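Observations on chain architecture
Listed below, chain by chain, are the residues.
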Amino acid sequence: MLHSATESAKKIFAPTSNSEDPGHATQYNKGALDRDDLLPSPTDQFHKWFQEAQANNVYQPETVTLSTAELPSGRVSARTLYMKELDERGFVIYSNWDTSRKASDIRSNPHAALTFHWRELERQVRVEGTVERLTSEESQVYYDTRIRGSRIGAWASQQSSVIESREQLEKRVEDVEKKFHGKDKIPVPEFWGGLRIVPDMVEFWQGRPSRLHDRFVYRKVGGEENAKGIKEAEWKIERLSP
């Protein structure tokens with residue numbers, strides 16, 4: 001049975017924000033993606049696209065949505081943060097791993113997803129994989145690049161915990177400032193640090209007209225052990241229907 005909706009039934013319906021064709025959705029015309037454009041490694045391909053995003057003045061291309069899910073409920077949560085590192089193993093973000101919602105999710109389910117959206121290039125990248133914590137020594141390297149206020153803040157904030165007021169947070173910051181007064185070197189908190197998302201799937205998406213987008217997915221398949229006995233991943237690349 002179909003139901004006809006009155007105007008008052010929907011707060012938003014089929015918006016066409018920024019479209020040059022009134023009444024119709026914006027069309028994507030800035031590029032195309034072919035199989036021959038892709039590098040064998042998804043991290044190399046991501047690095048290539050990231051450099052192109054920087055060259056084309058994409059605003060903070062390191063901005064990414066991290067999605068996690070709690071088990072056994074299956075409830076999903078997502079938040080926007082920054083990717084801070086990329087290496088052959090995967091994508092690294094930093095956060096509180098004690099009190100935050102993402103920490104709680106990951107304790108029950110070591111899988112996560114990332115979504116990058118680069119509007120200026122009409123591109124997206126989706127990543128799915130398992131997670132692994134960086135060591136305190138590895139996290140310290142990035143932590144030392146943060147301004148002092150952000151290093152103090154990592155100690156002071158019990159992320160996602162309920163607080164009574166802004167003043168309560170500022171009092172915690174003041175207490176941590178006293179603890180590290182006169183010290184340039186501040187150790188990274190044990191509950192704070194890096195998390196690497198090790199991908200088993202990476203999708204590259206290029207917007208095209210009429211929603212007939214170009215989509216290619218890398219999927220990890222079994223590899224062979226190298227001289228060090230480490231099993232190196234191989235990647236299968238396939239085009240997906242939009």
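To be clear, the structure that these remarks concern was listed above.
So, a few notes on the structure that sits alongside this text.

Procedures and definitions
Residues numbered from 1 in each chain as written. Predicted model: local features only at pLDDT ≥ 70, side-chain atom pairs only at ≥ 80, totals over all residues. Heavy atoms only, no water. Helix = DSSP H or I, 4+ residues; strand = E, 2+ residues; numbered from the N terminus. Contact = heavy atoms within 4.5 Å. Lys, Arg positive; Asp, Glu negative; His and termini not counted. Charge placed at Lys NZ, Arg CZ, Asp CG, Glu CD. Core = buried A, V, L, I, M, F, W, Y, C linked by side-chain atoms within 4.5 Å. Buried < 20%, exposed > 50% of the residue type's maximum accessible area, 1.4 Å probe, protein only. Arc of directions from axis to C-beta. Phe/Tyr/Trp six-rings, centres within 6.5 Å; stacked < 30°, edge-to-face > 60°. Salt bridge = Lys/Arg side-chain N within 4 Å of Asp/Glu carboxyl O.

Broken down by element type, the protein carries five helices and eight strands. Starting at the N terminus and walking to the C terminus, you meet the elements of the protein as α-β-β-β-α-β-β-α-α-α-β-β-β. Along the three orthogonal principal directions, the C-alpha set of the protein runs to about 65 × 60 × 40 Å. Taking as baseline every contact in the protein between residues at least 6 positions apart, the subset at least 24 positions apart corresponds to 63%. Each charge class in the protein can be summarised by its mean position, and for the 36 positive and 38 negative side chains these summaries are 4 Å apart.

Time to look at the nonpolar core. Grouped together as the largest cluster of nonpolar side chains are 31 residues, with contacts concentrated most on Phe46, Leu114, Phe116, Trp118, Val125, Ile197 and Phe204. Residues in contact with Phe46, not counting those within four places in the same chain, are Met83, Leu86, Phe91, Phe116, Trp118, Val125 and Phe204. With 13 residues, the next largest nonpolar core counts Leu134, Tyr142, Val176 and Ile186 among its residues.

In this structure, Thr43 sits in helix H1 (residues 42-55). On the basis of relative accessibility, which here comes to 5%, the residue Thr43 falls in the buried class. Contact partners of Thr43, with chain neighbours within four places excluded, come to Leu86, Asp87 and Glu88.

Glancing now at helix H3 (residues 136-143). Turning to H3, its buried residues number three or more, namely Ser139, Gln140, Tyr142 and Tyr143. Within H3, the buried residues cover an arc of 165° as seen down the axis, which keeps them to one side. In this structure, H3 carries Glu137 and Val141 as exposed residues pointing more than 90 degrees from its buried face.

Let us look at the packing of aromatic side chains. For the coordinates displayed, the defined rule picks out 16 aromatic pairs. A ring pair is formed by Phe46 and Phe50, whose centres lie 6.0 Å apart and whose planes are at 25°; its orientation type is stacked. Here Phe46 and its partner Phe50 are both found in helix H1, four residues apart, which amounts to about one turn of the helix. On the basis of relative accessibility, which here comes to 12%, the residue Phe50 falls in the buried class.

Most peptide bonds are trans, and most residues other than glycine sit at a negative phi. For the bond from Leu71 to Pro72, the omega torsion is 10°, close enough to zero to count as cis. At Asn57, a position not held by glycine, the phi torsion is positive, near 60°. Take Asn57: its relative accessible area is 65%, and that puts it in the exposed class. One non-glycine residue, Arg211, lies in positive phi territory at about 65°. Within the secondary structure, Arg211 is located in the loop between strand S6 (192-206) and strand S7 (214-221).

In this section: the pattern of salt bridges. All chains considered together, the criterion is met by 18 salt bridges. When the shortest N-O distance is used, the salt bridge between Arg101 and Asp105 registers 3.1 Å. One end of the pair is Arg101 and the other is Asp105, both in helix H2 (residues 101-108) and four residues apart, which spans about a single turn. Classification of Asp105 by relative accessible area gives buried; the value is 0%. Its salt-bridge partner being Asp144, residue Lys185 comes within 2.5 Å of it at the nearest N-O pair. One end of the pair, Lys185, is in the loop between helix H5 (166-179) and S6; the other, Asp144, is in the loop between H3 and helix H4 (148-156), and 41 residues separate them in sequence.

As for its placement among the helices and strands, Arg75 is situated in the loop between strand S1 (63-69) and strand S2 (76-86). Classification of Arg75 as exposed rests on a relative accessible area of 57%. Put simply, Arg75 and Asp105 are 30 residues apart on the chain and 8.9 Å apart in space, counted from C-alpha to C-alpha. Every residue in contact with Arg75, bar those within four places of it in the chain, is listed here: Thr68, Ala69, Glu70 and Arg101.

Bringing H2 into the picture now. All of the buried residues along H2 are Lys102, Ala103, Asp105 and Ile106. End-on, the buried residues of H2 take up no more than an arc of 160°, which puts them together on one face. In this fold, the buried residues of H2 make contact with S1, S2, strand S3 (91-96), strand S5 (123-133) and S6.

With that out of the way, let us pick up the environment of Arg123. With respect to the helices, strands and loops of the structure, Arg123 is situated in strand S5. We classify Arg123 as buried; its relative accessible area is 12%. Residue contacts for Arg123: discarding those within four places in its chain leaves Trp49, Glu52, Phe116, His117, Trp118, Trp205 and Gln206.

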